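Here's the letter readout for the chains.
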Amino acid sequence: MKETAAGFLTWSCDYRPRQPGADIEATWRTPLPDGALDGWALDRFREGARHAALHEPVDLTDAATRATALRHLAVIRELTSVGIPVDWSVRLSTADDWKRLVHLTPPRHLHLAEEPKEGPGHALRAWRAAHLPGMCIWRRGPGFIEIRDHRGDPPRVDLLDEPAALAAQRTAADGSTARALPSDLSADWLRRNLLLAVGPQVLWLPCRPHRWPFPAMLF
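Residues numbered from 1 in each chain as written. Predicted model: local features only at pLDDT ≥ 70, side-chain atom pairs only at ≥ 80, totals over all residues. Heavy atoms only, no water.

**Here's the deal with the environment of R191**
Secondary-structure assignment places R191 in helix α5 (residues 183–191). Accessibility expressed as a relative area gives 58% for R191, which makes it exposed. A polar contact of 2.5 Å, which involves the side chain of R191, links it to the side chain of D188. (Helix = DSSP H or I, 4+ residues; strand = E, 2+ residues; numbered from the N terminus. Buried < 20%, exposed > 50% of the residue type's maximum accessible area, 1.4 Å probe, protein only. Polar contact = N/O pair within 3.5 Å; in protein donor to acceptor, adjacent residues only side chain to side chain.)

See the structure below:
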């Protein structure tokens, strides 16, 4: 991705580890990360962050800013993965586009390029009603990745263990072009909503949880 993740996050906390001679701040502000995201949100959680606010809207309809929008969405995915609620807003093309994002923390504001016949606000209410922690997750084992997707009916459990698939998942995790992935994998993952495409850019959608929100048997 050539665009940078411009913008800032505002954090709030229940606590922050006290440094000798330093005051504890209840809120603080940081730039959005521009490097690899693996472990980034978990580090923020360990620092005491319990809430975040993304001030820039995530516009998935604007071709001019699509790479930045997907990067912002990757940040929201990572925060969802560690259980840090995030205030954010998103603009989508159609009233059904939220369904592939339902596993992410619901936004505060949802704007649609085409308002549904049900009226404004219907899609956002449906997203909030349908969202549950752990709806679409992946976990890494020795030489494989397991994906558990409860966004649809029936739920799916899939295993990736081919080297090409594991490499493609790593490539798409922080966002990439579709051309950077094997075409058969890209087409299959797009069909199953494991990837989100905005123009030529794609992003891996499942979250990687670091602790179970419910007893493991429910997954």
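**Topic: the packing of aromatic side chains**
Applying the stated criterion to the full structure yields 5 aromatic pairs. With 6.5 Å between their ring centres and 25° between their planes, W98 and W127 make a pair best called stacked. Residue W98 is found in the loop between β6 (89–92) and β7 (109–112), and its partner W127 is found in helix α3 (residues 122–130); the two are separated by 29 residues along the sequence. We classify W127 as buried; its relative accessible area is 0%. Members of the aromatic cluster, each reached through a chain of ring pairs, are W11, W28 and W40. Directly above the ring of F8 sits R29, whose terminal nitrogen or CZ lies 4.4 Å from the centroid. Sitting above the plane of the F45 ring, R50 keeps its charged end 3.8 Å from the centroid. (Phe/Tyr/Trp six-rings, centres within 6.5 Å; stacked < 30°, edge-to-face > 60°. Lys NZ or Arg CZ within 6 Å of the ring centre and 35° of its normal.)

**Digging into the side chain of D149**
By the secondary structure assignment, D149 is in strand β9 (residues 144–149). Leave out the neighbours within four places in its chain, and D149 touches M135, C136, P155, R156, R192 and L194. (Contact = heavy atoms within 4.5 Å.)

**Let's talk about the pattern of salt bridges**
A full pass over the atoms with the stated rule returns 13 salt bridges. One salt bridge connects D158 with R192, and the closest N-O pair in it is separated by 2.9 Å. With a gap of 34 residues between them, D158 in strand β10 (residues 156–160) and R192 in the loop between α5 and β12 (195–198) connect regions that are remote in the sequence. Per residue, the accessibility class of D158 equals that of R192, and both read buried. Connected through salt bridges with shared partners, the residues R156, D158, D188, R191 and R192 form a single ionic network. (Salt bridge = Lys/Arg side-chain N within 4 Å of Asp/Glu carboxyl O.)

Remember that the coordinates give geometry; whether it matters functionally is a separate question.
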